[in-house]
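Structure assessment
Here is what each chain is made of, one letter per residue.
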Amino acid sequence: QVQFEESEGELVQPGGSLRLSCAASGSSFTFYEMGWYRQAPGKQREFVARAPLDEDTYSSPFMKDRFTISRDNAGNTVYLQMDSLKPDDTAVYLCYVQPRYGASLIWGQGTQVTVSS
């Protein structure tokens, strides 16, 4: 069973930065893919970025200029560096793992990020 350890949610001022982390455990092997989605109140879940093992990362074109995903392959930990935050970035940020190629995603509990002055 996969277990997640995610960074705490924060309140950030507009224009500020925040780095989220998500460490997944419960497997003897390195997960194929880790990544992030987000969900704002009243909105659908939205893809943010993905980091497949030994492949290039991919970020949503709507956020790639401000958000950067990285991954510690040795430790099954993924990070999301968020810069120039806007109030519209307010959401629960959900970390996921895909244990093997084509497998279903397994979700973490989520981290609340609030961007407000």
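Shown above is the structure to which this text applies.
Residues numbered from 1 in each chain as written. Predicted model: local features only at pLDDT ≥ 70, side-chain atom pairs only at ≥ 80, totals over all residues. Heavy atoms only, no water.

**Points about the state of the cysteines**
We apply this condition: Note on disulfides: each one is a pair of cysteine sulfur atoms within 2.5 Å. The helix and strand labels rest on DSSP assignments: H or I over at least four residues marks a helix, E over at least two residues marks a strand, and numbering proceeds from the N terminus. Throughout, exposure labels follow a simple rule: accessible area from a 1.4 Å probe, protein chains only, divided by the maximum for the residue type, with under 20% read as buried, over 50% as exposed, and the rest as partly exposed.
One pass over the structure, following the stated rule, counts one disulfide. The side chain of Cys22 participates in a disulfide bridge whose partner is Cys95; the two sulfur atoms lie 2.0 Å from each other. Linking Cys22 and Cys95, the disulfide has an S-S dihedral of approximately -80° and is accordingly described as left-handed. Of this pair, Cys22 sits in strand 3 (residues 18-25) while Cys95 sits in strand 9 (residues 91-98); the two residues are 73 residues apart in sequence, bridging distant segments of the chain. Take Cys95: its relative accessible area is 0%, and that puts it in the buried class.

**Section: the pattern of salt bridges**
Test applied: Salt bridge criterion: a side-chain nitrogen from Lys or Arg within 4 Å of a carboxyl oxygen from Asp or Glu.
Counting across every chain of the model gives four salt bridges. When the shortest N-O distance is used, the salt bridge between Glu46 and Arg38 registers 2.8 Å. With a relative accessible area of 9%, Arg38 lands in the buried category. Between Arg66 and Asp89 there is a salt bridge whose closest N-O contact spans 2.7 Å. Taken together, the residues Arg66 in the loop between strand 6 (58-59) and strand 7 (67-72) and Asp89 in the loop between strand 8 (77-82) and strand 9 connect sequence positions 23 residues apart. In this structure, Arg66 and Asp89 share a single accessibility class: buried.

**So, the nonpolar core**
What counts, and what does not: Grouping buried Ala, Val, Leu, Ile, Met, Phe, Trp, Tyr and Cys residues that are joined through side-chain atoms within 4.5 Å yields what is termed a nonpolar core. For this analysis, residues touch if any pair of their heavy atoms sits within 4.5 Å.
In terms of nonpolar packing, the biggest core is built from 27 residues, with Leu20, Trp36, Val48, Phe67, Leu80, Met82 and Tyr93 touching the most fellow members. Among the secondary structure elements, those contributing two or more residues to this core are strand 3, strand 4 (33-39), strand 5 (46-52), strand 7, strand 8, strand 9 and strand 11 (111-115). Excluding residues within four positions of it along the chain, Tyr93 makes contact with Glu6, Leu20, Trp36, Tyr37, Arg38, Val48, Phe67, Leu80, Met82, Gly110, Thr111 and Val113.

**A short note on the sheet that holds strand 7**
Using the following cut-off: The pairing criterion for strands is at least two bridges between them, as found by DSSP. Between N-to-C directions, angles span 0 to 180 degrees; the directions come from axes that are lines fitted to C-alpha atoms, helices contributing only their stretch in contact.
Across the sheet, which stays open at both edges, the four strands sit in the order 1-3-8-7 with antiparallel pairing between neighbours. Where the open sheet ends on each side, the last strands, each with one partner, are strand 1 (3-6) and strand 7. When strand polarity is set aside, the average angle formed by the axes of neighbouring strands in this sheet is 15°. Here strand 7 runs beside strand 8; their pairing, made up of six bridges, is antiparallel. Counted as the bridge partner of Phe67 is Met82 from strand 8.

**Here we look at the packing of aromatic side chains**
Heads up, the condition is: Classification of ring pairs uses Phe, Tyr and Trp, with its six-membered ring standing for Trp, and accepts pairs whose centres are within 6.5 Å; under 30 degrees between planes counts as stacked, over 60 as edge-to-face, and the remaining range as tilted. Placement of a charge over a ring requires the Lys NZ or Arg CZ to be within 6 Å of the ring centre, with the centre-to-atom vector within 35 degrees of the ring normal.
Taken as a whole, this structure holds seven aromatic pairs when the rule is applied. Here the aromatic rings of Tyr32 and Tyr101 are separated by 5.6 Å at their centres, their planes lie at 85°, and the arrangement is edge-to-face. In this pair, Tyr32 is assigned in the loop between strand 3 and strand 4 and Tyr101 in the loop between strand 9 and strand 10 (106-107), connecting sequence segments 69 residues apart. A residue is classified by how much of its surface remains accessible, and Tyr101, at 70% relative accessible area, is exposed. Feature note: the residues Tyr37, Phe47, Tyr58, Tyr96 and Trp107 constitute an aromatic cluster, connected by ring pairs. Positioned above the aromatic ring of Trp107, the side-chain terminus of Arg45 is 4.4 Å from the ring centre.

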